[in-house]
Amino acid sequence: MPIVPDVAASGGHQDDDRGAAQSSGPLFRDETARAAHAAHAAHSSNPAQKPQEPMTGAPQPAPAPQKKSAGRDLGAAIGVGVGLGAVILASLFFEKAVFIGVIAVAVVVGLWELTSRLQERKAIKAPLVPLAVGGAAMVVAGYVRGVEGAWVAMALTALAVLVWRMTEPPEGYLKDVTAGVFAAFYVPFLATFVALMLTADDGPQRVLTFLILTVVSDTGAYAVGWRFGRHKLAPRISPGKTREGLLGAVAFAMAAGALCMHFLIDDGVWWQGLLLGLAVAASATLGDLGESMIKRDLGIKDMGTLLPGHGGIMDRLDSLLPTAPVVWLLLVVFVGSG
């Protein structure tokens, strides 16, 4: 999962949802503008009226210039990120089964965060027990039985959600099971493609390439957007993301993709890495925007507080989850399933 600190600075790529539950949307800006226009019109109609003078004649100090702020505890974010990276790399190259366990744990925690926020903010009760059991089984099935195993486990998990919810009153049944099926697809099913990458002979290198490209894409977007960002990419969804940041993500990811395909992937070619990096930058950005939409709908900034300086597990999986099937598919097309 990305170990880049999730820092929201002016023009940066990283998501900043602190205004999700505040009156900061376009509607409120329009109302403020209309109020200012009305005040100006009233002043124009009565030119004799002068603005109030300050109570004291002392000169007012100029406001101190504001500096760009990371918005989070940067030291904690870096420490947690390094720790997560060490756990992931150690399990990835020590024993594949251990890494599958790491994925399953991340999936279960992510499902817990998502279902908890849905219940707290929208009174949607997606059943966690069948989701957690089915999600972990989905990851294992994908590793052991391939794509077919993942689809079968997904179908059985959806069926378990439908049946489990029948034990409660029928009110809200449709929205609860719909949210449950969405959660099963969004978290464990997409994460299963990481397990599918691992089944190849050079599986650890494929997973490492996937992680590197996603992290580099996020880092490039943040660095370029923070320094040069001027034009908002999707201001209604994520005000921190800029078009310049997106270009930074593309450039960094394409360069990293060319290097990874040449040095890490068996039979990989550098130009394939350029295409892979371009696709990762696009999918990672869409993943960030997708979770930002969810969080804004829920009126929250983070999905959880488990990781100091980062938020929750889901706040670290947002760009990884939609990127996993993209990387898996392109690697299969370029060099085969291994």
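Residues numbered from 1 in each chain as written. Predicted model: local features only at pLDDT ≥ 70, side-chain atom pairs only at ≥ 80, totals over all residues. Heavy atoms only, no water.

1. Overview of the overall build of the protein chain
For the protein chain, the helix and strand inventory stands at 10 helices and two strands. Taken from the N to the C terminus, the helices and strands of the protein chain come in the order α-α-α-α-α-α-β-β-α-α-α-α. Evaluated residue by residue, the protein chain yields a buried proportion of 47% over its 338 residues. A separation threshold of at least 6 residues defines the contact pool for the protein chain, and within that pool the share at least 24 residues apart is 75%. Looking at the protein chain as shown, the accessible area adds up to about 16,800 Å², and 68% of this sits on carbon and sulfur atoms. (Helix = DSSP H or I, 4+ residues; strand = E, 2+ residues; numbered from the N terminus. Buried < 20%, exposed > 50% of the residue type's maximum accessible area, 1.4 Å probe, protein only. Contact = heavy atoms within 4.5 Å. Areas by Shrake-Rupley, 256 points an atom, 1.4 Å probe, with all protein chains shown as cover.)

2. What about the environment of glycine 229?
Relative to the elements of secondary structure, glycine 229 occurs in the loop between α6 (203-228) and β1 (232-234). The exposure class of glycine 229 is buried, given its relative accessible area of 13%. The spacing of glycine 229 and glycine 240 is 11 residues in sequence and 9.0 Å in space, taken between C-alpha atoms.

3. Quick notes on the pairing of strand β2 (residues 238-242)
Within β2, four of the five residues are buried, leaving the element largely enclosed by the surrounding structure. The pairing of β1 with β2 spans two bridges and is classified as antiparallel. Bridge pairing in β2 links alanine 234 to serine 238. Hairpin geometry of β1 and β2 is characterised by an intervening segment of three residues between the two adjacent antiparallel strands. (Pairing = 2+ DSSP bridges.)

4. Points about the packing of aromatic side chains
Applying the stated criterion across every chain, the model contains six aromatic pairs. For the ring pair tryptophan 151 and phenylalanine 189, a centre distance of 4.6 Å and an interplane angle of 50° mean the geometry is tilted. With tryptophan 151 in helix α4 (residues 128-165) and phenylalanine 189 in helix α5 (residues 173-198), the pair connects residues that are 38 residues apart, well separated along the chain. Consider the rings of phenylalanine 185 and phenylalanine 189, whose centres lie 5.4 Å apart with planes at 25°: the pair is stacked. One end of the pair is phenylalanine 185 and the other is phenylalanine 189, both in helix α5 and four residues apart, which spans about a single turn. Given the relative accessible area of 3%, phenylalanine 189 is considered buried. Ring pairing ties together the aromatic residues Trp151, Phe185, Phe189, Phe193 and Trp328, which thus form one cluster. Here the guanidinium or amino end of arginine 227 rests over the ring plane of phenylalanine 228, the centre of that ring lying 5.1 Å away. (Phe/Tyr/Trp six-rings, centres within 6.5 Å; stacked < 30°, edge-to-face > 60°. Lys NZ or Arg CZ within 6 Å of the ring centre and 35° of its normal.)

5. Description of the confidence of the model for the protein chain
When pLDDT is averaged along the protein chain, the result is 84, and 77% of the positions lie at 70 or above. Considering only residues more than four positions removed or in separate chains, one finds that residues 3-35, a stretch of pLDDT under 50, has 86 contacts. pLDDT under 50 marks residues 47-57. Its contacts with residues more than four places away, or in other chains, come to two contacts. (pLDDT = per-residue confidence, 0-100.)

6. Considering the pattern of salt bridges
Evaluation of the coordinates by the stated rule reveals six salt bridges. Across the pair arginine 206 and aspartate 202 runs a salt bridge, and its minimum N-O distance is 2.8 Å. For the pair arginine 206 and aspartate 202, one class covers both residues: buried. Residues aspartate 315 and lysine 295 are paired through a salt bridge, measuring 3.1 Å at the closest nitrogen-oxygen approach. Taken together, the residues aspartate 315 in helix α9 (residues 313-317) and lysine 295 in helix α8 (residues 270-298) connect sequence positions 20 residues apart. Judged by its relative accessible area of 3%, lysine 295 falls in the buried class. (Salt bridge = Lys/Arg side-chain N within 4 Å of Asp/Glu carboxyl O.)

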